[in-house]
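Structural description and commentary
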Amino acid sequence: MLGKGAGGGGAKPAKPSFVSYVSPEEIHKKEPVEKEVNLHLLPGELLLCEASTVLKCIQEDGSNRGACGRLICTNFKIAFLGDESALDDEPEFKNKLIGENDITLHCVDHIYGVYDEKKKSLFGQLKKYPEKLIIYCKDLRVFTFCLRYTKEEEVKRIVSGIIHHSQTPKLLKRLFLFSYATAAPTNTDTQNQTVMFDAIKDWRDELERTKGNMKYKVVSVNEAYKVSEKLPLYFVVPMSLSEENILQYQGRGIPIWCWSCHNGASLLKMSAFPKEQEDSTSQMQKNFLDGVYRTINKPPYEVVKTDDLSNSLPSLQEIQTAYVRFKQLFLIDNSTDFWDSDVKWFSLLESTNWLEIVRRCLKKAIEVADYLEGQNTNVLLVEENASDLCCVVSSLVQVMMDSYYRTKLGFQSLIQKEWVIGGHCFLDRCNHLKQNDKEEAPVFLLFLDCVWQLVQQYPPAFEFTETYLTVLSDSLYIPIFSTFFFNSQHQKDTNMSGESHHAQSSHFRFLTVWDWSVQFEPKAQVLLNNPLYAEKPKLDKSQRKTTRCKHQRQLSLPLTQTKSSPKRGFFREETDHFIKNILGKRISKLINSSDELHNFTEFYDSWHCKPVDFHGLLLPHVEGPGIKVWAQRYLRWIPEAQLLGGGTVVTATKILDMMEEVQSLQKKMEEKHSQTVSQGREVLPVLRNSARLSSLFPFALLQRHSLKPVLPTSTWKDLEDEEDLAKRDDEFVDLGDVI
Amino acid sequence: MLPGSRTSFKIQPHGLAPVPKGPKSSDKRNRNSQAFPCIPGELVLEEAARVRKIVRSRGGEGSVLGTLYCTNLRVSFVPEPALSDTVGAPRHPTCPHNEHDVVLPCIRRLVAVNSFTKAKMLTASSTLKFIPEELVLYCRDFRVLRFRFHESGLEPRAFQVTMAIAQAQQSSGGRPGTWPYSTAIRNLENVWLRTEEASLLSSFPTLLFEGLCDWEKELRRLGAAGWRVSSVNERFDMATSLPKYLWVPSRLLDNELKRAFAHFNARRIPRLCWHHPGGSNLLRAAGFHVDSDPEKEDVRCVEALMLAGHTQCVVVETAADLPGPADIQLSYLKLWTLCLPDSSVAVADEKWLSALEGTRWLDHVRACLRKASEVATLLEEKTCSVVLQESDDRDLNCLLASLVQILSDPHTRTQAGFQSLLQKEWVVAGHPFLQRLNLLRDNDREESPVFLLFLDCVWQLLQQFPTSFEYTEAYLVALHDSSYIPFFSTFLFNCQWERDRRNQHRASNQIYASVNGWREPPPLEILQKGSCLAKEGRVPYLPTIWDWALRYTAPERAQFRNPAYTRGSNTGNAILNGNCAPPGEDKPEATLARNGAMYLFAKGALLLQTHLFPWKNGSLSKKGWRQAPSSESLSEQEWSLRSKPSSCLLQPDGLLCPVSLGPLIRLWRRCYLRGSSEVQRGLFAPTLAELANELDLLRERLGDGQAMGSPRVTRHGSREPQPGAPEGKRSPLSPSR
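Rules behind the numbers
Residues numbered from 1 in each chain as written. Chains lettered and ligands numbered in written order. Predicted model: local features only at pLDDT ≥ 70, side-chain atom pairs only at ≥ 80, totals over all residues. Heavy atoms only, no water. Helix = DSSP H or I, 4+ residues; strand = E, 2+ residues; numbered from the N terminus. Buried < 20%, exposed > 50% of the residue type's maximum accessible area, 1.4 Å probe, protein only. Areas by Shrake-Rupley, 256 points an atom, 1.4 Å probe, with all protein chains shown as cover. Pairing = 2+ DSSP bridges. Axes fitted to C-alpha atoms, helices over the stretch in contact; angles between N-to-C directions. Contact = heavy atoms within 4.5 Å. Expected span 1.5 Å × (residues − 1). Arc of directions from axis to C-beta. Lys, Arg positive; Asp, Glu negative; His and termini not counted. Salt bridge = Lys/Arg side-chain N within 4 Å of Asp/Glu carboxyl O. 1 Å grid on protein atoms, 1.4 Å probe; cavity = no way out; pocket = protein on both sides within 12 Å on 5 of 7 lines; lining within 4 Å. Points joined across faces, edges and corners; volume = space filled by probe spheres on them. Nonpolar A, V, L, I, M, F, W, Y, C, P; charged D, E, K, R; others polar. Parallel < 35°, antiparallel > 145°, perpendicular 65-115°, else oblique. Core = buried A, V, L, I, M, F, W, Y, C linked by side-chain atoms within 4.5 Å. pLDDT = per-residue confidence, 0-100. Left-handed = near helix turned anticlockwise from the far one by under 90°. Phe/Tyr/Trp six-rings, centres within 6.5 Å; stacked < 30°, edge-to-face > 60°. Disulfide = S-S within 2.5 Å. Patch = residues over 30% accessible without salt bridge, like charges linked within 9 Å, V, L, I, M, F, W, Y side chains within 5 Å. Charge placed at Lys NZ, Arg CZ, Asp CG, Glu CD.

**Points about the overall build of chain B**
Each helix and strand counted, chain B has 23 helices and 16 strands in total. The buried share among the 737 residues of chain B stands at 60%. Element-wise, carbon and sulfur atoms account for 53% of the exposed surface of chain B, whose accessible area totals about 28,500 Å².

This is how it looks when you write it as structure tokens:
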């Protein structure tokens with residue numbers, strides 16, 4: 001059996017030959033291994049090792065209840081196949097790639113082994129094999145596999161196999177992404193409407209859309225990555241910036257355009273120079289920045305407010321620490337833990353600091369929005385590589401200010417623009433290759449959490465639901481889509497083309513995560529769309545212009561007040577300030593924070609006084625009670641946290657049902673009016689079984705049994721004599737009959 | 001505050017017509033009333049013009065210019081006409097839940113601020129030594145009203161109105177006999193009688209449990225065949241705090257019953273609250289009286305009462321896991337301070353969560369929910385009698401008994417059922433509302449918002465089971481707000497006895513003092529005979545809180561109805577209608593003869609008692625409740641709180657099993673955070689209601705247009721198109737997709 005052969009290699013992980021399995025040619029040579037009916041392998045997927053009679057514990061409460069089956073490790077996932085056939089009621093919201101009991105290798109967070117009731121973290125080579133394997137996943141599932149009844153040989157093989165494939169450092173080329181892309185049939189076209197920003201036209205269109213094309217231009221100096229490997233092929237800079245400037249420091253110190261506000265103010269980002277020891281170098285850099293500023297200072301650009309994010313936002317290290325602690329609250333392998341923590345729930349939550357970081361990001365975004373919208377000032381975000389918190393803040397600002405980014409397509413384009421093409425190091429930040437733990441930081445999750453706060457505060461403003469965000473966060477760990485598996489556009493391009501050692505592989509194509517049909521059936525995709533989305537009323541152009549004018553008139557008021565000083569003079573100050581920041585001689589936090597606080601509260605308060613326009617500026621509530629836990633993502637796998645009544649899920653489904661019914665009835669009305677009645681054909685919408693949804697929907701199935709406190713029966717039975725028992729039986733019958 | 005209440009205080013023209021010249025009314029009174037729409041009987045004490053009401057507390061921006069009135073009922077602010085939109089729906093003359101108004105008992109704290117001195121809290125006795133520039137009213141319904149006095153030579157006015165409010169607030173109804181509300185109540189009633197015709201009063205028939213027939217009707221609904229209504233306390237000579245009528249086992253005669261009273265605190269004997277269709281019974285009782293003698297013969301009656309025909313009886317010590325009234329008050333005050341939209345006491349955002357935890361309010365909510373679901377499970381899974389025992393049976397027993405019923409009985413999740421439940425377990429059962437709400441401010445130490453805690457628990461259930469309740473969050477908020485408005489009889493008395501005395505007293509006055517245009521009050525005899533006679537068209541004498549039409553407009557009341565509610569299946573009702581034979585009916589003698597087993601349930605553990613009653617041991621102390629010697633290990637006996645899936649399948653309409661985990665017990669924002677800037681918008685509520693209306697409308701139109709034969713769309717089997725319910729219908733909205 002081929003699978004076992006490969007697994008045999010797994011048992012002796014020291015052998016270097018072991019890793020060679022992935023080589024894509026091999027896949028073609030080898031016959032597909034699935035002789036079992038159950039096991040469904042993706043193209044390019046390869047069974048590595050397996051173990052039978054493994055018990056999957058349903059709940060870790062001491063009892064060994066659970067399902068028996070095979071545990072399987074492939075080069076894509078760890079899967080558990082139950083011996084008993086799956087339940088008939090298929091979950092409505094089913095991921096086509098990842099089954100209920102599948103864990104992709106990148107989704108594995110930690111693996112623990114249980115030895116004599118003691119839990120130990122498993123890594124490296126093991127001397128002794130555990131009786132139980134606990135796998136914590138990055139999407140917060142927890143699996144417990146009991147290996148007590150498994151053959152020792154198989155235990156060794158599967159445990160070391162799983163540890164090896166999920167925990168040890170990998171080469172980029174060994175990602176399943178490549179095996180899949182090579183083996184999968186190249187479906188020629190996927191009708192993908194998301195703007196990918198990998199072509200010059202996309203950037204031009206975006207400039208056009210935001211009316212930024214008067215002051216900014218797309219440059220193609222980076223074609224063939226001449227300037228920098230971190231920068232995308234095409235990007236947008238101020239019109240007056242010359243090519244030499246861009247080339248001089250590999251793109252550092254260059255303001256790169258993100259987005260333009262309707263009043264003309266723009267959001268820019270810039271990667272800072274690394275701290276230099278030598279005075280001469282720093283002097284040169286200072287001069288360079290001066291020069292850059294002088295050029296972009298010419299009239300259309302006016303004032304620029306710079307914001308060094310490393311000063312005002314938590315560091316990546318802090319974010320990672322907070323998230324690790326936060327995540328711990330929801331990784332439950334023992335339900336009693338959960339019960340214990342609930343008395344101190346809020347203070348535990350607070351001590352993780354995660355929500356506070358979310359709040360700080362939102363506050364920062366509000367502040368930037370204030371400069372752009374309220375004060376008509378350009379904002380320049382500065383960060384070491386302009387690819388971490390820069391992405392968070394700039395995309396948040398755009399979501400808050402531009403209703404286009406609150407549509408599904410717009411949001412996806414935004415992620416393409418700011419994150420994927422913008423050069424966020426997904427590979428490092430998600431630690432997909434397990435090469436360097438220090439680089440790991442859930443920056444993208446932080447962004448999604450911030451967006452979730454907005455979504456739950458203003459549901460009608462978004463075309464997508466929180467389920468969409470949750471599913472998106474899960475997609476981070478599915479190595480089929482290229483979207484989240486490269487550090488930059490450059491890395492993706494180089495790995496796709498000539499450099500790879502198989503000659504004819506240049507034709508392969510990566511899938512993008514935005515093609516949701518790869519993961520979900522159309523029926524399930526419905527759940528990603530918000531039925532309550534208040535679509536933007538179509539305005540013709542004349543109307544639009546008048547509204548814009550009005551805006552500007554309002555906005556010009558504070559501008560004239562605050563910026564009365566001659567622009568030149570003001571700008572000099574700004575530049576100095578700015579340069580100090582850039583050169584690492586950080587200005588004290590105090591000054592920064594005090595003026596930020598002042599501006600921002602006034603803007604924030606006055607916005608919240610007015611009624612909300614779902615298509616205009618959207619500012620989140622950031623007060624204490626405003627920031628909440630993304631319950632759907634963090635609680636969805638915990639059966640104890642299941643609301644049997646369904647909570648908001650049921651309400652939302654109800655709305656969906658009603659919308660459909662309203663629509664069908666309206667259609668009927670129309671038909672009736674137009675007298676083209678086709679009585680025979682009754683088009684009824686698809687019925688949704690909304691009666692039995694719990695709050696875990698759509699991720700986990702409703703637990704058919706209720707979680708009631710259990711009565712101690714033994715005490716009772718002693719005292720109940722037969723007479724009583726008989727009577728009780730009768731009652732049961734009665735009840736049953738009636739129900 | 002409900003949305004749509006933006007309009008200024010308006011009065012229907014006829015609302016003022018029958019102003020009676022009460023003893024207090026004088027010419028002076030009408031001095032200002034052309035500007036201020038008084039409720040008949042209301043008296044303007046002081047007023048100040050050109051006062052600015054600060055609309056938003058933060059930022060200091062936004063103020064409304066208007067006149068501030070202090071009357072003997074409330075503090076009211078009337079904005080200048082320019083600012084009040086005139087197109088809004090006319091308000092009821094009698095609803096004091098306007099956003100600019102606050103009834104005097106609702107003011108918790110009154111603070112005068114001057115820029116030179118520190119803020120000073122005002123009471124009736126305090127002397128104000130400075131001219132206030134700003135007056136801040138901290139309300140018990142979590143609002144903060146700020147009034148800033150203009151600097152235009154109005155200082156004396158400012159001083160006067162401030163002092164007037166301080167004094168009026170303190171003396172509002174200090175002596176229950178002569179409170180100013182009595183006049184207002186009488187007049188309100190008049191208004192109410194007029195609105196009666198138009199209102200949908202009968203849409204939610206609430207059993208008040210003041211008369212015999214309500215008790216009998218409810219007993220029939222429960223199908224508790226082994227029980228009867230006893231009128232042993234009809235004249236309140238057995239126990240003054242108990243209702244007139246009690247549900248007791250049929251086989252116990254009144255004579256026997258009378259002997260049991262002395263064994264319980266305040267003579268509150270065990271009596272039935274609810275009968276489970278499966279046979280279990282829920283009872284409530286006060287603690288055993290210290291002086292009761294266990295050797296006496298009549299202990300048998302106590303036994304019979306508690307066992308209620310079962311062989312097993314579980315005594316639930318209510319106080320064991322739940323907070324006491326003092327704890328509740330303490331954490332309520334902390335919560336109140338935390339949630340006030342007042343920047344001076346605001347907690348830093350990053351410390352908000354631990355501050356919330358520090359109030360322990362959510363802990364209390366959780367404890368109540370957990371205990372209630374344990375008791376509900378006990379009732380569901382065993383056939384026994386469960387006796388809730390609290391030392392005085394008037395606070396947490398009310399809460400627990402009603403919560404258990406909401407979990408177990410779908411009927412209580414309808415508005416009518418819920419209101420009846422509140423009448424039965426709170427109002428008539430003698431929850432001391434007057435003391436707990438402290439509307440008269442006679443004793444601060446007795447204050448405790450047990451009722452609010454209960455509403456919060458119900459709200460949590462509403463969140464978790466959005467389709468199981470006929471009423472909405474808006475309804476609960478309205479109920480909460482109404483509890484601070486002393487116009488209605490429901491929350492003004494400590495027990496039925498007090499209420500009846502007041503009514504008799506007032507009624508007899510009324511007969512002689514009737515005024516032109518007044519409706520003759522119903523004769524005393526009718527009142528005393530209860531509402532059986534009242535069926536025909538008469539109503540209890542004082543208006544109750546359930547007359548929502550009195551205070552809330554039709555669109556507001558439409559928000560009380562949950563559009564997502566799916567009515568329980570009819571089979572479920574059939575059970576409750578008594579198709580099941582109650583246990584023990586067949587062999588009552590046998591079960592009674594054999595002494596049953598007694599368990600004690602406290603702190604999540606079920607313990608067998610060696611002696612049926614503690615005093616049989618000769619010891620009254622807690623030692624008597626000794627744990628049963630048992631061969632089983634303790635762990636087996638303990639009621640494990642860890643949830644394990646039990647065999648019972650989930651029933652959509654049966655028992656609700658709420659989750660009380662930390663992350664899922666939430667803050668009732670709409671109630672507690674209403675003052676803050678946060679948008680008070682239900683996540684889906686408005687849209688859902690609109691959709692439901694749209695659906696009804698479409699169905700109706702389609703039904704009208706199409707022939708009878710054509711199939712109707714009735715997907716939601718329970719919600720048949722109902723042509724006759726035109727209220728709240730709106731023009732079709734266009735769905736966004």
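**Concerning the overall build of chain A**
A tally of regular secondary structure across chain A gives 26 helices and 14 strands. Here chain A holds 739 residues, and 58% of them are scored as buried. Total accessible area computed for chain A in this model is approximately 31,500 Å², and 54% of it derives from carbon and sulfur atoms.

**As for the sheet that holds strand E5 (residues 108–115) of chain A**
Residues and elements named next belong to chain A. Taking strand neighbours across the sheet as the criterion, the eight strands line up as E4-E3-E2-E1-E8-E7-E5-E6 in an open arrangement whose pairing is antiparallel. Since the sheet does not close on itself, it has two edges, and those belong to strand E4 (102–104) and strand E6 (118–121), each with one partner. Here the average twist between neighbouring strands, direction ignored, is 30°. Looking at chain direction, E5 and strand E7 (residues 132–137) are connected through six bridges and run antiparallel. Of the residues in E7, the one forming a bridge with Val108 is Cys137. Packed on one face of the sheet, helix H3 (residues 152–167) meets strand E1 (47–57), strand E2 (66–74), strand E3 (77–82), E5 and E7 and runs near 110° to E1.

**Some thoughts on helix H9 (residues 316–328) of chain A**
Residues and elements named next belong to chain A. Taking 1.5 Å per residue, 13 residues should reach 18 Å; H9 reaches 18 Å between its end C-alpha atoms and fits that length. Taken as a whole, H9 has its buried residues at Ile319, Gln320, Ala322, Tyr323, Phe326 and Lys327. Mapping the buried residues of H9 onto a view down its axis gives an arc of 165°, with all of them on the same face. Contacts made by the buried residues of H9 are with E5, helix H11 (345–352), helix H12 (354–374), helix H13 (389–401), helix H16 (443–457) and helix H23 (631–635).

**Quick word on the side chain of Lys434 of chain A**
Residues and elements named next belong to chain A. Along the chain, Lys434 turns up in the loop between helix H15 (426–429) and H16. No salt bridge is formed by the buried Lys434; the nearest opposite charge belongs to Asp109, separated by 5.4 Å. Sequence-distant contacts of Lys434, that is, excluding residues within four places in its chain, are made with Val108, Asp109, Lys138, Ser166, Gln167, Thr168 and Pro169.

**Brief notes about the pairing of strand E3 (residues 74–79) of chain B**
Residues and elements named next belong to chain B. Along E3, six of the six residues are buried, which leaves the element largely enclosed by surrounding structure. Residues of E3 alternate between two faces, with Arg74, Ser76 and Val78 on one and Val75, Phe77 and Pro79 on the opposite face, all of them buried. As paired strands, strand E2 (residues 63–71) and E3 are joined by five bridges and run antiparallel to one another. Along E3, the bridge assignment pairs Thr67 with Val78. Hairpin connection of E2 to E3: two residues between the antiparallel strands. As defined by bridge partners, E3 adjoins strand E4 (residues 102–103) across two bridges and the pair is classed as antiparallel. Residue pairing in the sheet places Arg74 in a bridge with Val103 of E4.

**Topic: empty space enclosed by the protein**
All names here are of chain A. One number sums up the size of the second largest cavity: a volume of about 160 Å³. The wall of the second largest cavity is formed by 16 residues, among which Tyr323, Glu440, Pro442, Leu445 and Tyr477 lie closest to the centre. When residues of the lining of the second largest cavity are traced back to their parent elements, those giving at least two are H9 and H16. Its residues assigned to classes, the lining of the second largest cavity comprises ten nonpolar, one polar and five charged.

**Description of the packing of helix H13 (residues 450–464) of chain B against helix H14 (residues 473–482) of chain B**
Residue and element names in this part refer to chain B. Put simply, H13 and H14 touch, their axes get as near as 10 Å, and they point 175° apart. It follows from the interaxial angle that H13 and H14 lie roughly antiparallel. Counting all contacts with H13, which are made through Phe451, Leu452, Leu455, Val458, Trp459 and Leu462, the residues of H14 involved are Glu473, Leu476, Leu479 and His480. Partitioned by chemical class, the residues of the contact of H13 with H14 number eight nonpolar, one polar and one charged.

**Description of the sheet that holds strand E15 (residues 597–602) of chain B**
Residues and elements named next belong to chain B. The strand order E11-E12-E14-E13-E15-E16 describes an open sheet built from six strands, whose pairing is mixed. Each end of this open sheet is capped by a strand with a single partner; those strands are strand E11 (271–275) and strand E16 (605–608). Geometrically, the sheet is characterised by an average inter-axis angle of 25° between neighbouring strands, direction not taken into account. Here four bridges tie E15 to E16, and the two strands are oriented antiparallel to one another.

**Notes on the pattern of salt bridges**
Residue and element names in this part refer to chain B. Counting across every chain of the model gives 38 salt bridges over all chains. A salt bridge links Glu134 to Arg146, with the nearest nitrogen and oxygen atoms 3.0 Å apart. Taken together, the residues Glu134 in strand E7 (residues 134–139) and Arg146 in strand E8 (residues 144–149) connect sequence positions twelve residues apart. Of the two residues, Glu134 and Arg146, neither departs from the other in class, the shared state being buried. For the salt bridge of Arg228 with Asp254, the shortest nitrogen-to-oxygen distance reads 2.7 Å. Residue Arg228 is found in strand E9 (residues 227–230), and its partner Asp254 is found in helix H4 (residues 254–260); the two are separated by 26 residues along the sequence. Connected through shared salt-bridge partners, Arg268, Arg271, Arg284, Asp393, Lys424 and Glu425 make up one network.

**A word on the nonpolar core**
Membership of the largest hydrophobic core comes to 330 residues, with the highest contact counts inside it found for Phe411 of chain A together with Phe418 and Phe454 of chain B. Discounting chain neighbours no more than four positions away, the residues touching Phe418 of chain B are Ile406, His411, Thr412, Phe454, Leu455, Val458, Tyr471, Tyr475, Leu476 and Leu479 of chain B. The next biggest cluster of nonpolar side chains, apart from the first, holds 33 residues, and it includes Val219, Val237, Ile254 and Met270 of chain A.

**A few points about the confidence of the model for chain A**
Residues and elements named next belong to chain A. Per-chain confidence: chain A averages 74 in pLDDT, with 71% of residues scoring 70 or above. Across residues 539–597, where pLDDT falls below 50, the model places 68 contacts with residues more than four positions away in sequence or in other chains. Low pLDDT, under 50, characterises residues 677–691; the stretch is placed with 20 contacts to residues that sit more than four places away or in other chains.

**Considering the pairing of E7 of chain B**
Residue and element names in this part refer to chain B. Within E7, six of the six residues are buried, which leaves it mostly tucked inside the rest of the structure. Pairing analysis gives five bridges linking E7 to E8, with the strands arranged antiparallel. Opposite Leu137, over in E8, you have Leu145 as the bridge partner. Hairpin geometry of E7 and E8 is characterised by an intervening segment of four residues between the two adjacent antiparallel strands and by a positive phi of about 70° at Phe142.

**Points about the packing of helix H14 (residues 408–420) of chain A against helix H17 (residues 466–475) of chain A**
All names here are of chain A. At a minimum axis separation of 13 Å, H14 and H17 run at an interaxial angle of 30°. Relative to H17, the element H14 lies roughly parallel. Crossing handedness for the pair H14 and H17: right-handed. Mapping the contact onto sequence places Lys408, Phe411, Gln412 and Ile415 in H14 and Tyr468, Leu469 and Leu472 in H17.

**Section: the packing of aromatic side chains**
All names here are of chain A. Per the counting criterion, the structure on display carries 66 aromatic pairs over all chains. Ring plane angle 55° and centroid distance 5.0 Å describe the contact between Tyr323 and Trp354, whose orientation is recorded as tilted. Note that Tyr323 is positioned in helix H9 and Trp354 in helix H12, a separation of 31 residues in sequence. By relative accessible area, Trp354 is classed as buried at 0%. Taken together, a centroid distance of 6.3 Å and an interplanar angle of 40° make the contact between Trp419 and Phe426 tilted.

**Describing the state of the cysteines**
Residue and element names in this part refer to chain B. The full count for this structure, using the stated rule, is zero disulfides over all chains. Left unpaired, Cys106 is separated from the closest cysteine sulfur, that of Cys139, by 5.2 Å. Under the relative-accessibility criterion, Cys106 is labelled buried at 3%. For the unlinked cysteine Cys368, the closest cysteine sulfur is that of Cys457, found at 4.4 Å.

**Looking at helix H5 (residues 200–209) of chain A**
Residues and elements named next belong to chain A. Asp202, Trp203, Glu206 and Leu207 are the residues of H5 that are buried. Along the axis of H5, the buried residues cluster in a sector spanning 135°; they form a single face. In H5, those exposed residues whose orientation departs by more than 90 degrees from the buried face are Lys201 and Glu208.

**Here we look at a positive patch on the surface**
All names here are of chain A. A contiguous patch of positive charge, built from Lys118, Lys120, Lys127 and Lys128, is present on the exposed surface. Along the chain, Lys118 turns up in strand E6. The class of Lys118 is exposed, set by a relative accessible area of 61%.

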